[in-house]
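Summary of the model geometry
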2 protein chains.
Amino acid sequence: MALRELLRVPVGRPVDLSSYDTSAAAPSSGGPADKAAGVRATALMEPALAGLQERLYAASTAGDHRRLLLVLQGMDTSGKGGTIKHVIGCLNPAGCRVRSFKAPTAEERAHPFLWRIRRALPVPGEIGIFDRSHYEDVLVARVRELAPRRDIDRRYGQINRFEKSLADEGVTVVKVFLHLSYEEQRKRLLARLDDPEKHWKFDPGDIDERALWPAYRQAYEIALERCSTEEAPWYVVPADRKWYRNWAISALLLEHLRALDPQYPEGDFDVAECRKRLLAE
Amino acid sequence: MALRELLRVPVGRPVDLSSYDTSAAAPSSGGPADKAAGVRATALMEPALAGLQERLYAASTAGDHRRLLLVLQGMDTSGKGGTIKHVIGCLNPAGCRVRSFKAPTAEERAHPFLWRIRRALPVPGEIGIFDRSHYEDVLVARVRELAPRRDIDRRYGQINRFEKSLADEGVTVVKVFLHLSYEEQRKRLLARLDDPEKHWKFDPGDIDERALWPAYRQAYEIALERCSTEEAPWYVVPADRKWYRNWAISALLLEHLRALDPQYPEGDFDVAECRKRLLAE
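Residues numbered from 1 in each chain as written. Chains lettered and ligands numbered in written order. Predicted model: local features only at pLDDT ≥ 70, side-chain atom pairs only at ≥ 80, totals over all residues. Heavy atoms only, no water.

**What to know about the overall build of chain A**
- Assigned secondary structure in chain A consists of 13 helices and five strands.
- For a compact globule of 281 residues, the expected C-alpha radius of gyration is about 19 Å, and chain A comes in at 20 Å, within 12% of that figure.
- Seen along its three principal axes, the alpha-carbon backbone of chain A occupies a region of about 75 × 45 × 40 Å.
- Within chain A, buried positions represent 52% of all 281 residues.
- Look at the contacts in chain A between residues 6 or more apart in sequence, and 82% of them connect residues 24 or more apart.
- For chain A, the accessible surface area stands at approximately 12600 Å², while carbon and sulfur atoms represent 50% of it. (Helix = DSSP H or I, 4+ residues; strand = E, 2+ residues; numbered from the N terminus. Rg over C-alpha atoms; globule rule 2.2 N^0.38 Å. Buried < 20%, exposed > 50% of the residue type's maximum accessible area, 1.4 Å probe, protein only. Contact = heavy atoms within 4.5 Å. Areas by Shrake-Rupley, 256 points an atom, 1.4 Å probe, with all protein chains shown as cover.)

This is the structure we're talking about:
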């Protein structure tokens with residue numbers, strides 16, 4: 001069974017995150033059995049990913065409008081940055097558009113919440129990567145009550161219509177929730193404290209957010225339930241083990257790119273004639 | 001002697017590109033002696049480059065406004081794309097902002113030529129990479145007479161003032177001219193013709209451009225002469241050998257990042273207190 005079938009959040013059904021594994025016990029997840037196998041399997045996917053990325057880009061030069069958008073969401077330390085470094089880092093940067101969304105600026109707040117998202121989308125042939133996204137507007141915004149509840153409740157439908165329009169324009173939207181356990185987050189925050197070169201990643205406010213863990217979990221469950229659609233499904237990736245996370249996201253990307261099956265365009269010129277001209281000069 | 005001293009175009013002196021080597025005979029260029037040594041030396045720089053990139057990014061989270069902009073210019077097949085794939089590909093994509101400039105769109109043509117450039121600049125902590133740049137507006141624009149000559153002549157000063165303002169804002173501008181020989185370009189174009197999977201990179205118009213080689217060379221000489229400044233010098237990188245090009249650009253980046261010497265910011269929180277709170281939850 002393809003990994004995207006296994007990890008996909010079914011459309012229109014209640015979501016209970018406690019029923020989703022965070023540590024990826026190997027047999028049930030269909031993945032590699034241990035770290036060594038996982039790292040090996042991930043490395044083996046790199047050439048295929050790079051090849052498909054080049055085809056996607058090449059096809060766009062001949063008018064193919066398709067592109068891919070990887071949306072990464074998850075609690076602090078769940079591995080959004082690590083995924084970009086290790087998985088996206090194996091791709092050609094010329095074809096990647098990485099955007100990290102922080103708390104909105106004054107200018108961004110003056111616009112509808114999807115405004116800054118639309119400006120960061122990948123163009124045809126590219127792979128776009130969002131480190132956080134428009135989902136923050138129904139996650140932290142819901143938990144921290146940054147907008148009236150009725151506005152937030154309206155956003156799920158706005159998001160679904162927006163993502164449907166992306167799909168119509170040839171954007172394959174792959175939304176990944178990095179599913180981390182409360183205990184693993186504690187370990188990772190402690191590890192940041194232990195290393196002075198990681199202090200810049202640490203914010204004491206992250207500890208306050210942990211107190212809101214159940215509220216965040218509920219906000220994620222609502223978002224996954226309401227916004228896992230046929231056009232833009234959510235995938236829940238167990239994130240407690242970094243090697244499994246890297247393997248799973250590589251595999252998800254590979255499956256989606258293979259399904260797109262982009263092709264090198266054929267040249268619309270006379271090869272023999274061009275060769276002759278080049279040699280004659 | 002640092003490579004940036006060797007490859008830098010002196011400020012305010014006439015430029016004769018025929019006096020610059022395209023093939024990088026090892027002894028005079030101060031580089032590795034052969035391909036094997038070059039590939040090895042380039043790989044050895046990767047950890048240092050990645051480390052400095054992380055420090056640059058980390059420093060920006062504490063208010064350091066510095067960033068780096070690598071401008072890549074050169075004739076077709078000179079290796080702009082190859083540099084991005086092989087050199088920039090070793091960096092963390094989260095901290096890179098790659099932008100490729102094609103012929104301007106209708107919207108871009110409706111604005112001053114620097115408009116689209118300003119919108120693509122790296123933000124603090126990032127490494128920006130331009131595949132072609134505002135220099136096209138004094139290169140192809142000059143050769144193909146896409147604007148009145150007096151407008152083009154005014155652009156050199158506009159570019160220098162623009163780049164000076166970048167430097168004032170903390171942007172280290174590294175401008176690289178990939179110096180390719182006429183013969184090597186012929187070989188690379190023929191190689192693209194020989195491989196159907198590379199036909200998408202080939203445009204018969206590239207052969208027409210070759211007929212304008214002397215005019216392009218002169219346009220480059222003028223641009224390098226007028227726009228190699230203290231604030232934003234030009235570097236001429238011999239580009240006939242890909243391994244040398246990758247080595248030289250890695251070394252240039254490394255020298256500039258080392259000179260910036262970005263530092264991990266110190267945490268402004270009580271580590272012991274934070275650890276206690278995390279363990280108590």
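Next comes the rest of the description.
**Description of the pairing of strand β5 (residues 234-238) of chain A**
Residue and element names in this part refer to chain A.
- Within β5, five of the five residues are buried, which leaves the element mostly enclosed by the surrounding structure.
- A two-sided burial pattern is seen for β5, the buried positions comprising Trp-234, Val-236 and Pro-238 on one face and Tyr-235 and Val-237 on the other.
- Bridge count between strand β4 (residues 171-179) and β5: five bridges; the pairing is parallel. Residue pairing in the sheet places His-179 in a bridge with Pro-238 of β5. (Pairing = 2+ DSSP bridges.)

**Details of the packing of aromatic side chains**
- Inspection of the entire model under this criterion finds 16 aromatic pairs over all chains.
- Note on Tyr-57 of chain A and Trp-200 of chain B: the rings are 5.9 Å apart at their centroids and 70 degrees apart in plane angle, and the pair reads as edge-to-face. With Tyr-57 of chain A in helix α3 (residues 35-60) and Trp-200 of chain B in the loop between α9 (182-194) and α10 (205-210), this residue pair bridges two chains.
- Ring geometry for Phe-101 of chain B versus Phe-130 of chain B: centroids 4.9 Å apart, planes at 85 degrees, classification edge-to-face. Placement of Phe-101 of chain B in the loop between β2 (96-100) and α5 (106-109) and of Phe-130 of chain B in strand β3 (residues 127-131) is noted, with a sequence separation of 29 residues between them. When sorted by exposure, Phe-101 of chain B lands in the same class as Phe-130 of chain B, which is buried.
- By way of ring pairs, the aromatic residues Trp-243, Tyr-244 and Trp-247 of chain A are connected into one cluster.
- Cation over ring: Arg-210 of chain A sits above Tyr-182 of chain A, and NZ or CZ is 3.8 Å from the ring centre. (Phe/Tyr/Trp six-rings, centres within 6.5 Å; stacked < 30°, edge-to-face > 60°. Lys NZ or Arg CZ within 6 Å of the ring centre and 35° of its normal.)

**Remarks on the sheet that holds strand β3 (residues 127-131) of chain A**
Residue and element names in this part refer to chain A.
- Spatial strand order, β2-β3-β1-β4-β5: five strands in an open sheet with parallel pairing. Pairing within the sheet leaves two strands with one partner each, and these edge strands are β2 (96-100) and β5. The sheet shows a mean angle of 20 degrees between the axes of neighbouring strands, direction not considered.
- Note: strand β1 (residues 67-74) against β3, five bridges, orientation parallel. If you follow Leu-68 over to β3, its bridge partner there is Ile-127.
- Contacts from helix α12 (residues 242-260) reach β1, β3, β4 and β5 within the one sheet, and its direction differs from that of β5 by about 150 degrees. (Axes fitted to C-alpha atoms, helices over the stretch in contact; angles between N-to-C directions.)

**Side note on the side chain of Arg-142 of chain A**
Residues and elements named next belong to chain A.
- Structurally, Arg-142 is set in helix α7 (residues 140-143).
- There is a polar contact of 3.4 Å between the side chain of Arg-142 and the side chain of Asp-153.
- A polar atom in the side chain of Arg-142 sits 2.9 Å from the side chain of Tyr-156.
- The residues contacting Arg-142, other than those within four sequence positions of it, are Arg-149, Ile-152, Asp-153, Tyr-156, Ala-219 and Ile-222. (Polar contact = N/O pair within 3.5 Å; in protein donor to acceptor, adjacent residues only side chain to side chain.)

**Quick notes on the relation of the copies chain A and chain B**
- After a rotation of 180 degrees and a shift along the axis of 0.0 Å, chain A superposes on chain B with an RMSD of 0.0 Å. Such a combination of turn and shift is consistent with a two-fold rotation axis.
- Of the interface residues in chain A, 100% have counterparts in chain B that sit at the interface too, so the contact is made through matching surfaces. (Least-squares fit on C-alpha atoms with pLDDT ≥ 70 in both.)

**A short note on the environment of Val-140 of chain B**
All names here are of chain B.
- Residue position: Val-140 is located in helix α7 (residues 140-143).
- On the accessibility criterion, Val-140 (24% relative accessible area) is partly exposed.
- Expressed as a C-alpha distance, the spacing of Val-140 and Ala-219, which sit 79 residues apart in the sequence, is 8.2 Å.

**Here we look at the pattern of salt bridges**
- Summed over all chains, the structure comprises 42 salt bridges over all chains.
- Close ionic contact of Glu-197 of chain B with Arg-55 of chain A constitutes a salt bridge, the shortest N to O distance being 3.5 Å. With Glu-197 of chain B in the loop between α9 and α10 and Arg-55 of chain A in helix α3, the pair connects residues from two separate chains.
- One salt bridge connects Asp-208 of chain B with Arg-277 of chain A, and the closest N-O pair in it is separated by 2.6 Å. Of this pair, Asp-208 of chain B sits in helix α10 while Arg-277 of chain A sits in helix α13 (residues 271-280), on two different chains.
- Overall, the relative accessible area of 32% leaves Arg-277 of chain A in the partly exposed class.
- Each of the salt bridges in this network shares a partner with another, and the network as a whole consists of Asp-76, Arg-132 and Glu-136 of chain A. (Salt bridge = Lys/Arg side-chain N within 4 Å of Asp/Glu carboxyl O.)

**Some remarks on the packing of helix α8 (residues 149-168) of chain A against helix α11 (residues 213-227) of chain A**
All names here are of chain A.
- Contact pair α8 / α11: the axes reach a minimum separation of 10 Å and the direction vectors enclose 45 degrees. In terms of axis orientation, α8 runs oblique to α11. The two elements α8 and α11 cross, and the hand of that crossing is right-handed. Between α8, through Asp-153, Tyr-156, Ile-159, Asn-160 and Glu-163, and α11, the contact on the second element is made entirely by Ile-222, Ala-223, Arg-226 and Cys-227.
- The residue inventory of the contact of α8 with α11, partitioned by class, reads five nonpolar, one polar and three charged. (Parallel < 35°, antiparallel > 145°, perpendicular 65-115°, else oblique. Left-handed = near helix turned anticlockwise from the far one by under 90°. Nonpolar A, V, L, I, M, F, W, Y, C, P; charged D, E, K, R; others polar.)

**So, a positive patch on the surface**
- Positive charge collects at one region of the surface, where Lys-35, Lys-198, Lys-201 and Lys-242 of chain A lie side by side.
- With respect to the helices, strands and loops of the structure, Lys-198 of chain A is situated in the loop between α9 (182-194) and α10 (205-210). (Patch = residues over 30% accessible without salt bridge, like charges linked within 9 Å, V, L, I, M, F, W, Y side chains within 5 Å. Lys, Arg positive; Asp, Glu negative; His and termini not counted. Charge placed at Lys NZ, Arg CZ, Asp CG, Glu CD.)

**Description of the interface of chain A and chain B**
- Residue-level contacts link 39 residues of chain A with 39 residues of chain B.
- Between chain A and chain B the total buried area reaches about 4100 Å² when both faces are included, carbon and sulfur atoms providing 63% of it.
- Of all residues in chain A, Trp-200, Leu-278 and Glu-281 of chain A bury the most surface against chain B, accounting for 18% of the area lost on that side.
- Here chain A is connected to chain B by eight salt bridges.
- Applying the counting rule to chain A against chain B returns seven residue pairs in polar contact (both at pLDDT 80 or more). (Buried area = accessible area lost by both parts, 1.4 Å probe.)

**Overview of the sheet that holds strand β4 (residues 171-179) of chain B**
Residue and element names in this part refer to chain B.
- Reading across the sheet, the five strands line up as β2-β3-β1-β4-β5 and stay open at both edges, with parallel pairing between neighbours. The open sheet is flanked by β2 and β5 (234-238), the only strands paired with a single partner. Taking the axes of each pair of neighbouring strands and ignoring which way they run, one obtains an average angle of 20 degrees across the sheet.

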